[in-house]
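What follows is the residue order along each chain.
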Amino acid sequence: MSVGIDEISFYTSNYFLDLKTLAQVQGTDPDKYYTGIGQEKMGMAAPDEDVVTMAANAALPLVEGEGRDQVRTLMFATETGIDQSKAAGIYVHRLLGLNDNCRVVEMKQACYSATAALQMACALVARKPDSKVLVIASDIARYDLDTPGEATQGCGAVAMMISANPRLVSIDPEVGNYTEDVMDFWRPNYRSTALVDGKYSTKIYLKALKKAWDHFREVSPLDFSDFSHFCYHLPFSRMAQKAHQQLVRHTKAGLSAEEQERQINKTLMYNRTIGNSYTASMYIGLTSLLENTDADLSGKRIGFFSYGSGCVGEFFSGTVVPGYRDALHLQRHRDMLAARQEISHDEYLQLYRNQIPDDGGEHRFDEGTTGHFRLAGISHHKREYVPR
Ligand code: HMG
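Everything quoted here is computed from the prediction, not taken from an experiment. Position numbers for residues start from 1 in each chain and track the written sequence from start to end. Local features are withheld for residues below a pLDDT of 70 in this predicted model, meaning they are given only at 70 or higher, and side-chain atom pairs are given and counted only at 80 or more; totals for whole chains, interfaces and linings count all residues. Side-chain measures were taken over the full set of non-hydrogen atoms in the model, leaving aside hydrogen atoms and water.

Enquirer: Describe in detail the sheet that holds strand E4 (residues 71-77), supporting the description with residues and values.
Expert: DSSP bridges decide pairing: two strands pair if at least two such bridges lie between them. Runs of H or I in DSSP of at least four residues are treated as helices and runs of E of at least two as strands, each being numbered from the N terminus. Here 9 strands make up an open sheet; going across it, the order is E5-E4-E6-E7-E1-E8-E13-E12-E11 and the pairing mixed. What marks the edges here is a single partner per strand, and that holds for strand E5 (103-107) and strand E11 (229-232). With direction set aside, neighbouring strand axes in the sheet form an average angle of 25°. Across 8 bridges, strand E12 (residues 301-308) lies against strand E13 (residues 312-320) in antiparallel orientation. Counterpart to Gly 303 in the pairing with E13 is Ser 317. The contact criterion used is simple: two residues touch if any of their non-hydrogen atoms lie within 4.5 Å. To get an axis, a line is fitted to the C-alpha atoms, and for a helix only the part in contact is used. The angle between two axes follows their N-to-C directions and goes from 0 to 180 degrees. Helix H7 (residues 237-250) rests against E11 and E13 of the sheet, and its axis sits at about 130° to E11.

Quick look at the structure:
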């Protein structure tokens, strides 16, 4: 019996800022963003959306058909938590109409936590193969204005149904891990934006990749040549290109620049226009690979490098299942991305400065999202989520 990803669906806001607009206002060469960091657009959350509405919007297509009652656990991975105590997934559980007997938990370790959730979900399903686990990752990436991180913001959520004999990607049990206590990127509880030592964070990312790969090689019989494609954590797409160059060097794989590019370029397509979605980003990258590769990927092995600042890195592997195309939500994703609305720099600042009131009063939020679920308001510190 294999265990892995049976279905995958993502959501991002209907608003985006083109990084050319940001560059123009800053007096920066737009090529620094388009080529230097490899990003074109960044998603900006509407005033009536947060990680809960994005998560529910991502997961809705996975529970609309049969199988809702088989979901025994919902794991919600985020570093954009809305409450120090209550798990954001409990709101999603209600919005999706999941079974009362489904457990819900929230997980955090920067951009890595969706991978922890995926691995734990696989272990749960291996123990009880007739059950399913819904893994959702949802984040809004926010940096201070006028900092190098500003151009790497974004937002998005991804939902994955984990099951026995999955239709998309079976996940191997061997993993390579690396953990080190570092301060490359963090967000203390009293801040709404992250603090980051940008250049240092890219160095630590690359170090964690090397270390996690070395550990993977100790525990897995697989070598570099067993992989046809690689999915990396995607804070910005140039990061994945740098990471892959390093892995090719480290493993002495001797690939040409074109061969290296072929192994990762389709994973970057969606993220280039969504931006960093933290823990969702690598799995949006996987969706991009599966949905945008013309060649049949059936039976091909994919290497995954998941990284969460602070830091935890994990290298693991999976194999694409024959017939995977029938289980994709390709048209829905393409339609959603095509229907997004470009915003001006002033509108971007308005959305950026939008804060959930914390005075305990009664507040209604303007309609902005085109998703199925919205955050209608807040009253006595309770967020109110409704279908649109
Ligand atoms: P910066 O310092 O403004 O950029 O910010 P730079 O000056 O280093 O330029 C970036 C690249 O653009 C360089 O290329 C330039 O040469 C090039 P490189 O040397 O890297 O190959 N460039 C140009 N190219 C073409 N035309 C031009 C031009 N000008 C310059 N005109 C930095 C870069 C990444 C530091 C910044 O964006 C940042 O701080 N980002 C946030 C932190 C981040 O994303 N770190 C990534 C690793 S950590 C991680 O992935 C975890 C994370 O997702 C959080 C979590 O785990 O929760 C962040």
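Having put the structure on the table, let's press on.
Enquirer: An account of a positive patch on the surface is needed here, citing residue identities and associated values.
Expert: There is a patch of like positive charges on the surface, built from Lys 32, Lys 199, Lys 203 and Lys 242. With respect to the helices, strands and loops of the structure, Lys 203 is situated in helix H6 (residues 198-219). Accessibility here uses a 1.4 Å probe with only protein chains present; expressed as a share of the type maximum, an area under 20% marks a residue as buried, one over 50% as exposed, and anything in between as partly exposed. With relative accessibility at 58%, the residue Lys 203 sits in the exposed group. Exposure above 30% relative accessible area and no salt bridge define the residues that can form patches, which grow by joining like charges within 9 Å and nonpolar side chains of Val, Leu, Ile, Met, Phe, Trp and Tyr within 5 Å. Where accessible areas are quoted, they stem from the Shrake-Rupley method and a 1.4 Å probe; at the residue level, only the protein chains shown are allowed to cover. Between Lys or Arg on one side and Asp or Glu on the other, a salt bridge is scored when a side-chain nitrogen of the former is within 4 Å of a carboxyl oxygen of the latter. By the counting scheme adopted, Arg and Lys are positive, Glu and Asp are negative, and His together with the chain ends is not counted. Charged groups are reduced to one reference atom each: NZ for lysine, CZ for arginine, CG for aspartic acid, CD for glutamic acid.

Enquirer: Residues and numbers for the packing of helix H3 (residues 51-63) against helix H4 (residues 89-96), please.
Expert: Running from amino to carboxyl end, H3 crosses H4 at an angle of 40°, the nearest separation of the two axes being 9 Å. It follows from the interaxial angle that H3 and H4 lie oblique. In this structure, H3 meets H4 at a crossing whose hand is right-handed. Touching Val 52, Ala 55, Ala 56, Ala 59, Leu 60 and Val 63 of H3 are Tyr 91, Val 92, Leu 95 and Leu 96, all from H4. By residue class, the composition of the contact of H3 with H4 is 10 nonpolar, no polar and no charged. Each angle gets one of four labels, with under 35 degrees taken as roughly parallel, over 145 as roughly antiparallel, 65 to 115 as roughly perpendicular, and the rest as oblique. Each helix crossing is assigned a hand: it is left-handed if the near helix lies turned anticlockwise from the far helix by less than a right angle, otherwise right-handed if that turn is clockwise. The classification used treats Ala, Val, Leu, Ile, Met, Phe, Trp, Tyr, Cys and Pro as nonpolar, Asp, Glu, Lys and Arg as charged, and all other residues, Gly among them, as polar.

Enquirer: Tell me about the sheet that holds strand E16 (residues 373-379), and please be specific about residues and values.
Expert: Ordered in space as E15-E16-E17, the 3 strands form an open sheet in which the pairing is antiparallel. Two strands close off the open sheet at either side, each with one partner strand: strand E15 (362-364) and strand E17 (382-387). Across the sheet, the mean angle separating the axes of adjacent strands is 30° when strand polarity is ignored. The pairing of E15 with E16 spans 3 bridges and is classified as antiparallel. Paired with Arg 364 across the strands is Gly 377, a residue of E16. Strands in contact with H3 are E16 and E17; relative to E16, the strand with the most contacts, it is inclined by about 155°. Sheet contacts for H4: E16 and E17; angle to E17, the most-contacted strand, approximately 25°.

Enquirer: Provide a residue-level description of the packing of H7 against helix H8 (residues 257-264), including the pertinent values.
Expert: Where H7 contacts H8, the axes come no closer than 10 Å and their chain directions differ by 125°. Taken as axis vectors, H7 and H8 run oblique relative to one another. Crossing hand, H7 versus H8: right-handed. For the pair H7 and H8, the contacting residues are Ala 240, Gln 241, His 244, Gln 245 and Val 248 in the first and Gln 260, Glu 261, Gln 263 and Ile 264 in the second. Looking at the contact of H7 with H8, its residues break down into 3 nonpolar, 5 polar and 1 charged.

Enquirer: A description of the nonpolar core should follow, citing residues and the corresponding values.
Expert: In summary, soluble globular proteins display a tendency toward joint burial of nonpolar side chains. Nine residue types can take part in a nonpolar core, namely buried Ala, Val, Leu, Ile, Met, Phe, Trp, Tyr and Cys, and a core is a set of them joined through side-chain atoms within 4.5 Å. By size, the foremost hydrophobic cluster in this structure holds 82 residues, and its most contacted members are Ile 5, Val 92, Leu 96, Leu 134, Ile 162, Tyr 283 and Leu 286. It is H3 that contributes the most residues to this core, 10 residues altogether. When near neighbours in sequence (up to four residues on either side) are disregarded, Leu 96 contacts Ala 56, Ala 59, Leu 60, Val 63, Arg 68, Leu 134 and Phe 373. Listed in part, the 45 residues of the second largest apolar core include Met 42, Ile 204, Ala 243 and Phe 315.

Enquirer: Account for the site of the ligand, with residues named and values stated.
Expert: Note on terminology: near, applied to a residue and a molecule or strand, indicates that one of the residue's heavy atoms is within 4 Å of it. By nearness alone, 27 residues border the ligand, and Lys 32, Glu 79, Cys 111, His 233 and Lys 242 come closest of all. Here an oxygen atom of the ligand and a side-chain polar atom of Lys 32 are 2.7 Å apart. Pro 148 is positioned with one of its backbone polar atoms (N or O) 3.1 Å from an oxygen atom of the ligand. Protein burial of the ligand: of its 1,100 Å² of free accessible surface, 75% is covered by the chains. If you list the elements that add at least two residues to the shell around the ligand, you get helix H2 (30-37), H6, H7 and E12. Of the residues in the shell around the ligand, the class split is 10 nonpolar, 10 polar and 7 charged. Contacts described as polar in this section are N or O atom pairs within 3.5 Å, which, within protein, must combine one atom able to donate a hydrogen with one able to accept it, while residues neighboring in sequence count only if both atoms come from side chains.

Enquirer: Talk me through the pattern of salt bridges; I want residue IDs and the actual numbers.
Expert: Overall, the coordinates contain 13 salt bridges when judged by the stated rule. One salt bridge in this structure joins Arg 272 and Glu 40, with 2.9 Å as the shortest N-O distance. With Arg 272 in helix H9 (residues 269-274) and Glu 40 in the loop between H2 and strand E3 (41-44), this residue pair connects regions lying 232 residues apart in the sequence. Take Arg 272: its relative accessible area is 22%, and that puts it in the partly exposed class. Notably, a salt bridge pairs Asp 172 with Arg 301, separated by 3.5 Å at the nearest N-O pair. Remark: Arg 301 occurs in strand E12 and Asp 172 occurs in strand E8 (residues 169-179); sequence separation between them is 129 residues.

Enquirer: Hey, could you go over the environment of Val 63 for me, with residue numbers and the actual values?
Expert: Note that Val 63 resides in helix H3. Aside from chain neighbours lying at most four places away, what touches Val 63 is Arg 68, Leu 96, Leu 98, Leu 134 and Met 161.

Enquirer: Which residues make up the packing of aromatic side chains, and what are the values?
Expert: Ring pairs are drawn from Phe, Tyr and Trp, using the six-membered ring of Trp, whenever the two centres fall within 6.5 Å, and their geometry is named by plane angle: stacked under 30 degrees, edge-to-face over 60, tilted for the rest. Enumeration over the complete set of coordinates arrives at 19 aromatic pairs. When the centroid spacing of 5.8 Å and the interplanar angle of 35° are considered together, the rings of Trp 213 and Phe 216 count as tilted. Here the residue Trp 213 and the residue Phe 216 both occupy positions in helix H6, the gap between them amounting to 3 residues, near one helical turn. The residues Trp 213 and Phe 216 share a single accessibility class, namely buried. Residues Phe 230 and Tyr 232 carry aromatic rings whose centres are separated by 6.4 Å and whose planes lie at 20° to one another, so their mutual orientation is stacked. Overall, Tyr 232 belongs to the buried group, its relative accessible area being 2%. Chaining the aromatic ring pairs together yields one cluster made of Trp 213, Phe 216, Phe 224, Phe 227, Phe 230, Tyr 232 and Phe 315. We note Lys 41 situated over the ring of Phe 16; from NZ or CZ to the ring centre the distance is 4.7 Å. Put simply, a charge is over a ring when the Lys NZ or the Arg CZ is close to the ring centre, within 6 Å, and near the line of the ring normal, within 35 degrees.

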